[in-house]
Amino acid sequence: MTLRWLIASLHLLALPLGLGAIWARSRALSLARSADHLHRVFVADNLWATAAVLWLSSGLLRAVGGLEKGASYYLHDRVFYIKMGLFVTILILEIWPMATLIRWRIAVRRGAPVDLTSTPTLARISQIQLGVVVVMVFAATALARGYFY
């Protein structure tokens, strides 16, 4: 029972971490004018990644680890598929920012120039991801309460 409670708590605590991190990344990207400004982007991105790992690992444990209602409950609920579709949307949206930020981190470490022309678009992608996370919360609460089963 304690493990179930701890995993559920970690899953929920990832929400403010993730929302704050993706907002901070978007803001830092909007303000970045040179490679010297990328430290805030990288910190926010690290926190966003931490939240994603927490969501994914705790969510998997809750769904298929026997800690919650069980896999059969989730797999028979259409809201679960909506929630997973939203999660996949976030992952797909993250491909370009992740690849770009990895290249920027390497360039900054090497002292190489960084092309920041994509920062407004990356900031906008982060804002879209933030919105999708909020919609996921509605799906999660509907799922937890058995709505639309």
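What counts and how
Residues numbered from 1 in each chain as written. Predicted model: local features only at pLDDT ≥ 70, side-chain atom pairs only at ≥ 80, totals over all residues. Heavy atoms only, no water. Helix = DSSP H or I, 4+ residues; strand = E, 2+ residues; numbered from the N terminus. Contact = heavy atoms within 4.5 Å. Areas by Shrake-Rupley, 256 points an atom, 1.4 Å probe, with all protein chains shown as cover. Lys, Arg positive; Asp, Glu negative; His and termini not counted. Charge placed at Lys NZ, Arg CZ, Asp CG, Glu CD. Axes fitted to C-alpha atoms, helices over the stretch in contact; angles between N-to-C directions. Parallel < 35°, antiparallel > 145°, perpendicular 65-115°, else oblique. Left-handed = near helix turned anticlockwise from the far one by under 90°. Nonpolar A, V, L, I, M, F, W, Y, C, P; charged D, E, K, R; others polar. Salt bridge = Lys/Arg side-chain N within 4 Å of Asp/Glu carboxyl O. pLDDT = per-residue confidence, 0-100. Phe/Tyr/Trp six-rings, centres within 6.5 Å; stacked < 30°, edge-to-face > 60°. Buried < 20%, exposed > 50% of the residue type's maximum accessible area, 1.4 Å probe, protein only. Expected span 1.5 Å × (residues − 1). Bend = angle between axes of the 7 residues up to and from the residue. Polar contact = N/O pair within 3.5 Å; in protein donor to acceptor, adjacent residues only side chain to side chain. Patch = residues over 30% accessible without salt bridge, like charges linked within 9 Å, V, L, I, M, F, W, Y side chains within 5 Å.

Novice: Residues and numbers for the overall build of the protein chain, please.
Specialist: Each helix and strand in the protein chain was counted, giving five helices and zero strands. Of the contacts made within the protein chain by residues no fewer than 6 positions apart, 77% connect residues no fewer than 24 positions apart. Summed over its atoms, the accessible surface of the protein chain is roughly 8,900 Å², and 70% of this surface lies on carbon and sulfur atoms. With 15 positive and 6 negative side-chain charges, the protein chain shows a separation of 4 Å between the mean positions of the two kinds.

Novice: Give me the lowdown on the packing of helix H1 (residues 2-31) against helix H4 (residues 78-110), citing residues and values where you can.
Specialist: In contact at an axis separation of 14 Å, H1 and H4 are set at 45° when each is read in the N-to-C sense. Judged on the interaxial angle alone, H4 and H1 are oblique. Here the hand of the crossing between H1 and H4 comes out left-handed. In this structure, H1 contributes His11, Arg25 and Leu29 to the contact, and H4 contributes Lys83, Glu94, Pro97, Leu101 and Trp104. In terms of residue class, the contact of H1 with H4 is built from four nonpolar, one polar and three charged.

Novice: Describe the pattern of salt bridges, and please don't skip the residues or the numbers.
Specialist: For the structure shown, the criterion picks out three salt bridges. For arginine 105, the salt bridge goes to aspartate 45, with nearest N and O atoms at 2.8 Å. Placement of arginine 105 in helix H4 and of aspartate 45 in helix H2 (residues 38-64) is noted, with a sequence separation of 60 residues between them. A network of salt bridges, in which partner residues are shared, links Arg25, Asp45, Glu94 and Arg105.

Novice: Quick one: what's the story with the confidence of the model for the protein chain, residue by residue and with numbers?
Specialist: A residue-level look at the protein chain finds 99% of positions with pLDDT of 70 or above and a mean pLDDT of 93. Confidence scores differ between elements of the protein chain, with helix H3 (residues 71-75) showing the lowest mean pLDDT of 79 and H4 the highest of 96.

Novice: Can you explain the packing of aromatic side chains? Please cite residues and give values.
Specialist: Scanning all chains against the criterion turns up two aromatic pairs. Both rings, one in tryptophan 48 and one in tryptophan 55, keep their centres 6.1 Å apart while their planes meet at 80°; by these two values the pair is edge-to-face. Across the pair, exposure class does not vary: tryptophan 48 and tryptophan 55 are buried alike. When the centroid spacing of 5.7 Å and the interplanar angle of 75° are considered together, the rings of phenylalanine 80 and tyrosine 81 count as edge-to-face. Given the relative accessible area of 13%, phenylalanine 80 is considered buried.

Novice: How would you summarise H4 if you had to cite specific residues and measurements?
Specialist: For H4, with 33 residues, the first-to-last C-alpha span of 48 Å sits near the 48 Å given by 1.5 Å per residue. Roughly 40° is the biggest bend found in H4, and it falls at glutamate 94, with proline proline 97 one to four residues downstream. If you check the start of H4, you find a side-chain oxygen 2.9 Å away from the backbone N of valine 79, and it comes from aspartate 77. Downstream of H4 by one or two residues, glycine 111 has phi in the positive range, about 75°.

Novice: Would you mind going over a nonpolar patch on the surface in detail, with residue names and values included?
Specialist: On the surface, Leu56, Leu60 and Val64 cluster together into a nonpolar patch covering about 280 Å² of accessible area. Assignment of secondary structure puts valine 64 in helix H2.

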